[in-house]
Amino acid sequence: MKPYELIGSAGCGSAIVEMALVLANVPHTLTDIPYLKPGPERDRLLQLNPLGQVPTLVMPDGEVMTESAAIILHLNDVAPQAGLAPPADKPERTRFLNLLIRLVGAIYPTFTYGDDPPQWTMAGAPADLLRERVHMRRAELWQELERQAGAPHMLGRRFSALDLYITVMTRWRPGHAWFESVCPALTAVAREAAQEPNVARVLRRHFPAPTE
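In this report, we go over the structure that sits alongside the text.

Digging into helix H6 (residues 161-169)
Of all nine residues in H6, nine are buried, a share of seventy percent or more. Considered for burial, the residues of H6 that qualify are Ala161, Leu162, Asp163, Leu164, Tyr165, Ile166, Thr167, Val168 and Met169.

Below is the structure:
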């Protein structure tokens, strides 16, 4: 059987899916592209995923799957032993699904609108206001999630893909210092997950330490 192909970009949400593939021991190849840069790589991405986003997963039969939450749930079906999601008959399953969709449905879009505000409104003061409001809303969402964080994992004693999301997304804006100060429980969840050797290896690939 052909391996999965994960199309992604360094430092992006594709790191979450890459971690899941490794932890699930699912054969795969990696195709890293500058997904926003015009050219043949983006042209191919747009053919596979009209939204032009990463992660995009090409499955062994050629079917294409997008949206990280859908991919995570699929990989959990393929390799349930990896524990990416609690089993359907476990009480943590409901909380897992709720928090998973909140991460991808509420927090993720703040980067879409906050990273390049002039794309969504007029340049200048309107774009500055949109950026400020989006960043404020993101901070509120993270703080609400902080109040739901378990220990040592997001679901308490049970590891899940939520920990992978937290580990990657706390490396994005507003940055490590903010999370340590405002969201110490989420920071601890990320730190715990990062100790897993495979997760640590993917993190080093996507977020290399700055050179002196």
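Details of the layout of surface pockets
For the largest pocket, the calculated volume is near 910 Å³. Along the walls of the largest pocket sit 27 residues, with Tyr35, Gln53, Tyr108, Phe111 and Thr112 positioned nearest its centre. Mapped by element, the contributors of at least two residues to the lining of the largest pocket are helix H3 (68-78) and helix H4 (92-114). No other element matches the five residues that H4 contributes to the lining of the largest pocket. Of the residues assigned to the lining of the largest pocket, the class counts are 13 nonpolar, nine polar and five charged. Within this model, the second largest pocket holds a volume of roughly 160 Å³. If you go around the second largest pocket, the residues you meet are Thr170, Arg171, His176, Phe179, Thr187, Ala190, Arg191 and Ala194. Mapped by element, the contributors of at least two residues to the lining of the second largest pocket are helix H7 (176-182) and helix H8 (184-193). Of all the elements, H8 adds the most residues to the lining of the second largest pocket, at three residues.

Regarding the pattern of salt bridges
All told, the structure shown has nine salt bridges when counted by the stated rule. We note a salt bridge from glutamate 140 to arginine 137, for which the minimum N-O separation is 3.3 Å. Taken together, the residues glutamate 140 and arginine 137, both in helix H5 (residues 125-146) and three residues apart, mark about one turn of the helix. The class of arginine 137 is partly exposed, set by a relative accessible area of 46%. The partner of glutamate 180 in a salt bridge is arginine 191, and the shortest N-O contact between them spans 3.4 Å. Of this pair, glutamate 180 sits in helix H7 while arginine 191 sits in helix H8; the two residues are eleven residues apart in sequence, bridging distant segments of the chain.

Some thoughts on the pairing of strand S2 (residues 28-32)
Taken together, the five bridges between strand S1 (residues 4-8) and S2 define a ladder with parallel strand orientation. Paired with glutamate 5 across the bridge in S2 is threonine 29. Crossover S1 to S2 through helix H1 (residues 14-23) is right-handed.

Thoughts on the packing of H1 against H3
Between H1 and H3, whose axes approach to 10 Å, the crossing angle comes to 5°. For the element pair H1 / H3, the angle class is roughly parallel. Every residue of H3 that contacts H1 at Ile16, Val17, Ala20 and Leu21 is listed here: Ser68, Ile71, Ile72 and Leu75. Looking at the contact of H1 with H3, its residues break down into seven nonpolar, one polar and no charged.

Cut-offs used in this document
- Residues numbered from 1 in each chain as written.
- Predicted model: local features only at pLDDT ≥ 70, side-chain atom pairs only at ≥ 80, totals over all residues.
- Heavy atoms only, no water.
- Buried < 20%, exposed > 50% of the residue type's maximum accessible area, 1.4 Å probe, protein only.
- Helix = DSSP H or I, 4+ residues; strand = E, 2+ residues; numbered from the N terminus.
- 1 Å grid on protein atoms, 1.4 Å probe; cavity = no way out; pocket = protein on both sides within 12 Å on 5 of 7 lines; lining within 4 Å.
- Points joined across faces, edges and corners; volume = space filled by probe spheres on them.
- Nonpolar A, V, L, I, M, F, W, Y, C, P; charged D, E, K, R; others polar.
- Salt bridge = Lys/Arg side-chain N within 4 Å of Asp/Glu carboxyl O.
- Pairing = 2+ DSSP bridges.
- Right-handed = clockwise from strand over helix to strand, strands pointing away.
- Axes fitted to C-alpha atoms, helices over the stretch in contact; angles between N-to-C directions.
- Parallel < 35°, antiparallel > 145°, perpendicular 65-115°, else oblique.
- Contact = heavy atoms within 4.5 Å.

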